[in-house]
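Next come the chains, spelled out residue by residue.
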Amino acid sequence: WLGIAAGGGPEKPGCASPPLSRRQRDLCEQKPELVPAIREGARLGLQECRSQFRHERWDCGPAAAAAPAAAAAAAAFGHQLSSGTKETAFIYAVTSAGLVHSVTRSCSAGNMTECSCDMNLRHGGSASEGWHWGGCSDDIHYGMSFSRRFLDVPVKNVTGKSGSGLVAMNLHNNEAGRQAVAKLMSVDCRCHGVSGSCAVKTCWKTMSSFEKIGRFLKDKYENSIQISDRLKKKLRRKEKSQRKIPIRKEDLLYVNKSPNYCVEDQKLGIPGTQGRECNRTSDGPDGCNLLCCGRGYNTHVVRHVERCECKFVWCCYVRCRRCETMTDVHTCK
Ligand SMILES: *[C@@H]1O[C@H](CO)[C@@H](O)[C@H](O)[C@H]1NC(C)=O
Ligand SMILES: *[C@@H]1O[C@H](CO)[C@@H](O)[C@H](O)[C@H]1NC(C)=O
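Predicted, not measured: the structure shown is a model, and the values here were computed from it.

Scoring rules and cut-offs
- Residues numbered from 1 in each chain as written.
- Chains lettered and ligands numbered in written order.
- Predicted model: local features only at pLDDT ≥ 70, side-chain atom pairs only at ≥ 80, totals over all residues.
- Heavy atoms only, no water.
- Near = heavy atom within 4 Å.
- Polar contact = N/O pair within 3.5 Å; in protein donor to acceptor, adjacent residues only side chain to side chain.
- Areas by Shrake-Rupley, 256 points an atom, 1.4 Å probe, with all protein chains shown as cover.
- Core = buried A, V, L, I, M, F, W, Y, C linked by side-chain atoms within 4.5 Å.
- Buried < 20%, exposed > 50% of the residue type's maximum accessible area, 1.4 Å probe, protein only.
- Helix = DSSP H or I, 4+ residues; strand = E, 2+ residues; numbered from the N terminus.
- Contact = heavy atoms within 4.5 Å.
- Pairing = 2+ DSSP bridges.
- Disulfide = S-S within 2.5 Å.
- Nonpolar A, V, L, I, M, F, W, Y, C, P; charged D, E, K, R; others polar.
- Expected span 1.5 Å × (residues − 1).
- Salt bridge = Lys/Arg side-chain N within 4 Å of Asp/Glu carboxyl O.

Q: Lay out the site of ligand 2 in plain terms, naming residues and giving numbers.
A: Around ligand 2 sit Asn279, Thr281 and Ser282, and that is every residue in its neighbourhood. Asn279 has a polar side-chain atom sitting 2.3 Å from an oxygen atom of ligand 2. Calculation on ligand 2 without its partners gives an accessible area of 360 Å², and the protein chains cover 26% of this total.

Q: Before we move on, can you summarise the nonpolar core with the specific residues and values?
A: If you look at the biggest cluster of nonpolar residues, it comprises 33 residues, and the most contacted ones within it are Cys49, Phe53, Trp58, Phe90, Val181, Ile213 and Leu217. Only α2 (35-52), α4 (86-108), α6 (164-183), α7 (210-222) and β6 (253-254) provide two or more residues apiece to this core. Here this core gets seven residues from one element, more than from any other, and that element is α4. Beyond its immediate sequence surroundings of up to four residues, Cys49 is in contact with Trp58, Cys60, Phe90 and Val94. Of all hydrophobic cores here, the second largest spans 16 residues; its members include Val35, Leu99, Cys107 and Phe150.

Q: If you had to explain the environment of Arg148 to someone new, which residues and values would you point to?
A: Within the element layout of this structure, Arg148 appears in helix α5 (residues 141-151). Residue Arg148 is classed as partly exposed on the basis of its relative accessible area, which comes to 33%. For the pair Arg148 and Asn174, spaced 26 residues apart in the sequence, the C-alpha separation amounts to 8.0 Å. Once residues lying within four places of it in the same chain are set aside, the contact partners of Arg148 are Glu175, Arg178 and Gln179. Here Glu175 takes part through its side chain, which lies 2.9 Å from a polar atom of the side chain of Arg148.

Q: Give me the lowdown on the pairing of strand β8 (residues 297-313), citing residues and values where you can.
A: Bridge count between β8 and strand β9 (residues 317-332): 15 bridges; the pairing is antiparallel. Considered in β9, the bridge of Phe312 is made with Val318. Once β8 ends, the chain turns through three residues before running back antiparallel as β9.

Q: Outline the state of the cysteines, listing residues and values.
A: Counted by the stated rule, this structure contains eleven disulfides. Paired through a disulfide, Cys117 and Cys136 show a sulfur-sulfur distance of 2.0 Å. Negative torsions about the S-S bond denote left-handed disulfides, and the value of about -100 degrees found for Cys117 with Cys136 makes this one left-handed. Residue Cys117 is located in the loop between α4 and β1 (125-126), and its partner Cys136 is located in the loop between β2 (131-133) and α5; the two are separated by 19 residues in the primary sequence. Under the relative-accessibility criterion, Cys117 is labelled buried at 17%. What pairs with Cys308 in a disulfide is Cys323, and their sulfur atoms sit 1.6 Å apart. Since a negative S-S torsion denotes a left-handed disulfide, the Cys308-Cys323 link at about 70 degrees is right-handed. Here Cys308, found in strand β8, pairs with Cys323, found in strand β9; they are 15 residues apart in sequence, far enough to count as distant.

Q: Mind laying out the site of ligand 1, listing which residues take part and the relevant values?
A: In the vicinity of ligand 1, the residues found are Arg105, Ser106, Ala109 and Asn111. One nitrogen or oxygen atom from the side chain of Asn111 is found 2.3 Å from an oxygen atom belonging to ligand 1. If ligand 1 stood free it would expose 360 Å²; the protein chains cover 30% of that surface. Considering only residue class, the shell around ligand 1 consists of one nonpolar, two polar and one charged.

Q: Run through α6, naming residues and quoting values.
A: Taking 1.5 Å of rise per residue, 20 residues should cover 28 Å, and α6 covers 28 Å from first to last C-alpha, within 8% of that figure. Of all 20 residues making up α6, 15 are buried, and the element is well covered by its neighbours.

Q: Account for the pattern of salt bridges, naming residues and giving values.
A: Applying the stated criterion across every chain, the model contains 14 salt bridges. Among the ionic pairs, Glu40 bridges to Arg43, the shortest N-O distance being 3.0 Å. Linking Glu40 with Arg43, this pair stays in helix α2, spanning three residues, or about one helical turn. For Glu222, the salt bridge is made with Lys218, and the minimal N-O distance between the two is 3.2 Å. With Glu222 and Lys218 both in helix α7 and four residues apart, the pair spans about one turn of that helix. Classification of Glu222 by relative accessible area gives partly exposed; the value is 46%. We classify Lys218 as buried; its relative accessible area is 9%.

Below you can see the structure in the form of structure tokens.
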């Protein structure tokens, strides 16, 4: 379904794009007013995935510069989507969170007939503490339930079959993405009163920026939990000694260990890190040593020309000088 972020373009806001399943196409046709939000959700998720992983060996698919080519990303995701790794977990979570976020935005903007701002918070607050609810509070309930209906494949009687863990894993990670949006809801206030004295405040609930949600999910990815790929009545950790530790709704789960993403593997849709830019002085994942998997790197000098030392000249233009800088760029062998 990610393909619809690119599929068709604005002139064809249809539901016919092939990546959609039958059930998704039906939902989409029932609610054509949601199509822009569905697209926006897919775009948000992909963009955040690339941003969170830009310094890692797995960088969430093809070059960020080719941003509108979400179809290409969906193609690159092809194998990733079914491989059951922690990268799969992140993709599922971030795209399902993206859908909640964009649908909720659209509710708050008044673009939808079935949802709007959170009306329960229109009145009330605490007059004695000098604040009351006002404005438009984001109501994520509709977005959450739409995301469930749109993304969660109904599961029937898979318990015990090999591979059933994979289905359960994807569903769990979809929900983890939605839970992240819910958990990071916060309250914003605006002050009123004589010359900003803040004697009275109007407050409303708001979703966090999608970037913050992305960072939260990245952290969950780094602490993700391996589960057994055979489903007994419920999800179980793979590590027997840790089975007593509960799995929380917001944890990301995976079934299979990840490849190291070092070398190209076309069959698995892994581009490898050859040619990737690395940082010679960093000890992190973007450092040449880790990113290039010990293969070493090439260094080129790149010339940058930019406007600099700009001054405002009365009145009314800006005069700048041209500055040239040379920087070393390192790329993996
Ligand atoms: C709401 O609809 C207007 C007009 O169709 C559109 O320009 C705007 O982007 C929409 N906003 C959201 C958040 O969906
Ligand atoms: C490279 O890594 C160092 C240390 O983490 C950092 O200070 C520097 O800004 C990085 N350089 C680039 C070009 O990202």
